[in-house]
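Observations on the three-dimensional arrangement
So you can see what is in the structure, the chains are spelled out below.
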Number of protein chains: 2
Amino acid sequence: MIDDTDRHILHILQENARASNASIARQIGMAPSAVLERIRKLEKRGVIQGYEVKLNAKKLGLALTAFIRVGSEERVGSTQTGRNLAQLPEVQEVHHVAGPDCYLVKVHVPDNESLGQLLQRFGAIEGVSYTHTVLVLTPIKESAPLPLPEPHPAS
Amino acid sequence: MIDDTDRHILHILQENARASNASIARQIGMAPSAVLERIRKLEKRGVIQGYEVKLNAKKLGLALTAFIRVGSEERVGSTQTGRNLAQLPEVQEVHHVAGPDCYLVKVHVPDNESLGQLLQRFGAIEGVSYTHTVLVLTPIKESAPLPLPEPHPAS
DNA sequence: GTTGAAAGCGTGAAATA
DNA sequence: TATTTCACGCTTTCAAC
């Protein structure tokens, strides 16, 4: 499925997604074109889903992060309400979850007032029955790399 | 703080963090060296905090995502317990939050059994008084770009 | 901000194992 | 199949403006 070479490449890309193929090639002792081909295959297979820049939300005027539990009165098994929530640009994540709530939603907004306006828009979405908002006071860890098994050194 | 040109660059990088300086330069009608310099300044100012690859957790054997609310009996104002939680590699996010719980934690693990073992390690961290785990059934939206104000066209 | 030039990189084709 | 080598064009980067 994924071999040690792939893991090694992914490990490097998790540290810096803008690393050049040539520098990756140097680090793993391969030709750049081989690295290119492996990355392309990982993209095609959907293991790599894209490349993102990590921005400082606060410095961009988005000082407030919140998690919102959303209740919904939709047909069992439907996720239509969640997909409607996901359309809003302030919404960074929507997860359909087990338990009494239906959705857990992560949002970034400039301030309390914007959060209030956003919750009103949540309320206008069909099926939404309640929201419970939890404010983030301090983000302690964010967007950590996934714990890939370490590549085994070839013996 | 951030002008329209910066916003334009960030907008492009949010879509594809591996976009070359030259292609960004073409899209915004500037010299590549000017783009390079702006990106460097955004990095130095901490607006850009890094470049990440978005991986498919399921295809890497991490089939289970969960959010865990963690209660802690530490001194008011301390976040030591949160920083200890953040050390674990399975933990992708730790937020110190308002409300009855102290922390909200996001984790990726291979399966139920690994989740159980992880929760045991949570319990071994000093101060942790309880955990409430919510399993993700379907991730509907993840790692969406931040809603930057659209750049105003120069008039 | 721009340009220009040198060094480095991306990428496909062909060769190799 | 997966990889290296090679060659071309493009990109990065810095210095000078």
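Residues numbered from 1 in each chain as written. Chains lettered and ligands numbered in written order. Predicted model: local features only at pLDDT ≥ 70, side-chain atom pairs only at ≥ 80, totals over all residues. Heavy atoms only, no water.

Per the domain assignment, the segments of chain A are domain 1 (4-44) and domain 2 (58-135). The centre of domain 1 of chain A, based on its C-alpha atoms, is set 37 Å off from the matching centre of domain 2 of chain A. (Domains from an automatic or database assignment.)

Applying the stated criterion across every chain, the model contains 16 salt bridges over all chains. D6 of chain B serves as the salt-bridge partner of R38 of chain B, at 2.8 Å between the closest nitrogen and oxygen. Taken together, the residues R38 of chain B in helix α3 (residues 32-44) and D6 of chain B in helix α1 (residues 4-15) connect sequence positions 32 residues apart. Among the salt bridges present, the one from E90 of chain B reaches R121 of chain B, with a minimum N-O distance of 3.2 Å. With E90 of chain B in the loop between α4 (80-86) and β3 (91-97) and R121 of chain B in helix α5 (residues 112-123), this pair connects stretches of sequence that are 31 residues apart. Residues joined by salt bridges that share partners form a network here, namely D3, D6 and R38 of chain A. (Salt bridge = Lys/Arg side-chain N within 4 Å of Asp/Glu carboxyl O. Helix = DSSP H or I, 4+ residues; strand = E, 2+ residues; numbered from the N terminus.)

Near DNA strand C, the surroundings consist of 13 residues, among which A22, R26 and R40 of chain A together with A31 and R38 of chain B are the closest. Interatomic distance of 3.1 Å between a side-chain N/O atom of S33 of chain B and a base oxygen of DNA strand C. Contacts to DNA strand C include R38 of chain B, whose side-chain N or O atom sits 2.4 Å from a phosphate oxygen. At the level of secondary structure, the elements contributing two or more residues to the surface near DNA strand C comprise α2 (21-28) and α3 (32-44) of chain A together with α3 of chain B. In terms of residue count, the dominant contributor to the surface near DNA strand C is α3 of chain A (four residues). (Near = heavy atom within 4 Å. Polar contact = N/O pair within 3.5 Å; in protein donor to acceptor, adjacent residues only side chain to side chain.)

Moving on, we get to the pairing of strand β2 (residues 64-72) of chain A. Each regular strand shows side chains that alternate between the opposite faces of the sheet. All names here are of chain A. Counted residue by residue, β2 has eight buried out of nine residues, so it is predominantly covered. With seven bridges connecting them, β2 and strand β4 (residues 103-109) associate as antiparallel partners. Counted as the bridge partner of A66 is V107 from β4. Of the pairings in the sheet, the one linking β2 to strand β5 (residues 128-141) comprises seven bridges and is antiparallel in character. Paired with A66 across the strands is L135, a residue of β5. (Buried < 20%, exposed > 50% of the residue type's maximum accessible area, 1.4 Å probe, protein only. Pairing = 2+ DSSP bridges.)

A few words now on the protein's contact with DNA strand D. Around DNA strand D sit 14 residues in total, of which A31, R38 and K41 of chain A together with A22 and R26 of chain B are the nearest. When the atoms of DNA strand D within 4 Å of the protein are grouped by moiety, sugar and phosphate amount to 73% of the total. Between DNA strand D and A22 of chain B there is a distance of 2.6 Å, counted from a phosphate oxygen to a backbone nitrogen or oxygen. A distance of 2.5 Å separates a phosphate oxygen of DNA strand D from a polar atom in the side chain of R26 of chain B. Of all the elements in the fold, those that place two or more residues in the surface near DNA strand D are α3 of chain A together with α2 (21-28) and α3 of chain B. Per element, the largest residue contribution to the surface near DNA strand D is five residues, and it comes from α3 of chain A.

Now for the environment of T5 of chain B. All names here are of chain B. Residue placement: T5 occurs in helix α1. A relative accessible area of 22% places T5 in the partly exposed class. Sequence separation between T5 and V35 is 30 residues, and the spatial gap between their C-alpha atoms is 9.2 Å.

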